[in-house]
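# Inside the fold
Residues per chain, in single letters:
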Amino acid sequence: MSRIDEPTRNALAAAAWAARAQAYAPYSRFAVGAAVLDEQGRIHAGGNVENAAYPQGWCAETSALAAMVGAGGRRVQAVAVCAESARPVTPCGGCRQKLREFAADDCPVWAVGRDAVIRAVHTLGALLPAGFGPDQLTP
Ligand code: THU
C-alpha cells in the first residue's frame, strides 16, 4: 500500500485526467495527461504538446514536471499518467529519466484511465532499475 492517502491519490488521478483534456496531440491523436505531487503536497499537471516538426513534441510528464519546477517544487512524491488505451500507459523511457531527477525509487507511478480510474501501480525504481541519478555525479 502506498504511503500516499486515498484522497490525495484520487486528486492526483483526477488532475491527470483533467490535464489530458487539454493535451495538444493533433498528430498522434493520443492525448496524455500527467500530474505530479510535490514535497509541499501541491499537484502540478500538464498534457503532451506535439509539433508539426514531429520530434519537437514533448510528453505530458515533461509538462507536469516543468509546471512543478516553475512553481518552486523540487521533489516528486507521486506521479499519475492518464491515457485511454487497451494497456495502461506508463511513462516513456525519456520521461522515466526526467522523473528520476526529482523522485526516489519508491515513488509510486499510477497509470490512470478514463474517468480518472487507477488501472495499475508501479514504482519509479521498477520502471527504471539501476537508473542514473544526480547522486552519481559525485566523484
Ligand atoms: N506520450 C506522453 O505524453 N506520455 C507517455 O508516457 C507516452 C507518450 C505522448 C507522446 C506523443 O505526443 C503521444 O503520446 C504518442 O506517443
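Up top is the structure.
Below you will find a few notes about this structure. (Residues numbered from 1 in each chain as written. Predicted model: local features only at pLDDT ≥ 70, side-chain atom pairs only at ≥ 80, totals over all residues. Heavy atoms only, no water.)

## A word on the environment of Trp-58
Test applied: Helix and strand assignments follow DSSP, with helices taken as H or I runs no shorter than four residues and strands as E runs no shorter than two, numbered in order from the N terminus. The buried label applies to any residue whose accessible area, calculated with a 1.4 Å probe on protein chains only, is under 20% of its type's maximum; exposed applies above 50%, and partly exposed to all values in between. It only takes one pair of heavy atoms within 4.5 Å for two residues to be counted as in contact. Any N or O atom pair separated by 3.5 Å or less is treated as a polar contact, with the protein-specific requirement of one donor-capable and one acceptor-capable atom, and with residues adjacent in sequence counted only for side-chain atom pairs.
Mapping Trp-58 onto the fold places it in the loop between strand S2 (43-47) and helix H2 (60-70). The partly exposed category is assigned to Trp-58, whose relative accessible area is 44%. In the structure, Trp-58 is positioned 10 residues away from Asn-48 in sequence and 5.7 Å away in space, judged by C-alpha atoms. When sequence neighbours within four positions are dropped, the list of residues in contact with Trp-58 reads Asn-48, Val-49 and Ser-63. Among the polar contacts made by the side chain of Trp-58, one reaches the side chain of Ser-63 at a distance of 2.9 Å.

## Description of the pairing of strand S1 (residues 33-38)
This is how it is decided: At least two DSSP bridges between two strands are needed for those strands to be called paired.
Burial of S1 is extensive: six of the six residues sit out of reach of the surface. Side chains Gly-33, Ala-35 and Leu-37 of S1 all project onto a buried face; the interleaved residues Ala-34, Val-36 and Asp-38 project onto the opposite face, where all are buried too. Between S1 and the antiparallel strand that follows it, S2, lie four residues; Gly-41 among them carries a positive phi value of about 85 degrees. Strand direction decides the pairing type here: S1 and strand S3 (residues 76-82), joined by six bridges, are antiparallel. The residue of S3 that forms the bridge with Asp-38 is Val-76.

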